[in-house]
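Here is how the chains run, residue by residue.
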Amino acid sequence: MTETACCPAVEAVTSVPDCCPAAEAVSSGPDCCPQGPACCPQGLGKPLSRDCAESLAALFRAIADPARLQLLALIGASEKGEVCACDLIEPVGLSQSTVSHHLKILVDAGLLHRESRGTWAWYSLAQDRLCELAACLWGAGSSRAGTER
């Protein structure tokens, strides 16, 4: 990963697919970031209203847990781009109910897609939402994003 990568959060989880609005951004620098989340498309490059700050804080809370970050990384690293919930229990070392709880939080935050297949649930990354999160951190293309202060 280069220091000028626009979406390091996404790149750390998985390579950015061509369908992601930030695919070019990974190698092009911070000025090409897509918009941040709907709550604050300008990202952290401009002052936030209280409502925007609360919405953004809820999104950050969803990833502010080591187990959830592990789950995102495991799903992102999968060869098929999706993982059965049953295959996520052992790698994170948590009970099935705890893993299910964390997956639900990630789905509710829009960071994972869930598909039921028989008795199992399969999860894949919501690349667009991860790109939004990365854009928010980089200031959503702000000319001041990535500059040292």
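Per-chain numbering applies: the sequence of each chain, read as written, is numbered from 1 onward. Local features in this predicted model are restricted to residues whose pLDDT is 70 or higher, and side-chain atom pairs enter the listing and the counts only when it is 80 or higher, whereas totals over whole chains, interfaces and linings include all residues. Where side-chain values are given, they derive from all heavy atoms of the structure, hydrogens and water being excluded.

Some words on the sheet that holds strand S3 (residues 120-125)
Working definition: the strands of a sheet are paired by backbone hydrogen bonds and lie parallel or antiparallel to each other.
And step 1. Pairing between strands is defined by DSSP: at least two bridges between the two strands are required. Only DSSP runs of H or I with at least four residues qualify as helices, and only runs of E with at least two residues qualify as strands; both kinds are numbered from the N terminus onward. Taken together, the three strands give an open sheet; going across it, the order is S1-S3-S2, and neighbouring strands pair in antiparallel fashion. Two strands lie at the open edges of the sheet, namely strand S1 (83-84) and strand S2 (112-117), each paired on one side alone.
And step 2. Pairing of S2 with S3 involves six bridges; the strand directions are antiparallel. Looking across to S3, one finds that Ser116 is bridged to Ala121.
And step 3. Its contacts with the sheet put helix H4 (residues 66-77) on S1, S2 and S3, and the angle it makes with S3 is roughly 85 degrees.
And step 4. On top of the sheet, helix H6 (residues 96-108) reaches S2 and S3; it is set at about 120 degrees to S2, its chief contact. Residues are treated as being in contact if the distance between any of their heavy atoms lies within 4.5 Å. Between N-to-C directions, angles cover 0 to 180 degrees, with each direction set by a line fitted to C-alpha atoms, over the stretch in contact for helices.

Notes on the packing of H4 against H6
And step 1. At their nearest, the axes of H4 and H6 sit 10 Å apart, and the two run at 75 degrees to each other. Considered as vectors, H4 and H6 are oriented roughly perpendicular to each other. Every residue of H6 that contacts H4 at Ala67, Arg68, Leu71, Leu72 and Ile75 is listed here: Val99, His102, Leu103, Ile105 and Leu106.
And step 2. Throughout this entry, Asp, Glu, Lys and Arg are counted as charged residues, while Ala, Val, Leu, Ile, Met, Phe, Trp, Tyr, Cys and Pro are counted as nonpolar. The remaining residues, Gly among them, count as polar. Within the contact of H4 with H6, the residues separate by chemical class into eight nonpolar, one polar and one charged. Throughout this description, any angle smaller than 35 degrees is read as roughly parallel, any larger than 145 degrees as roughly antiparallel, any in the 65 to 115 degree range as roughly perpendicular, and the remainder as oblique.

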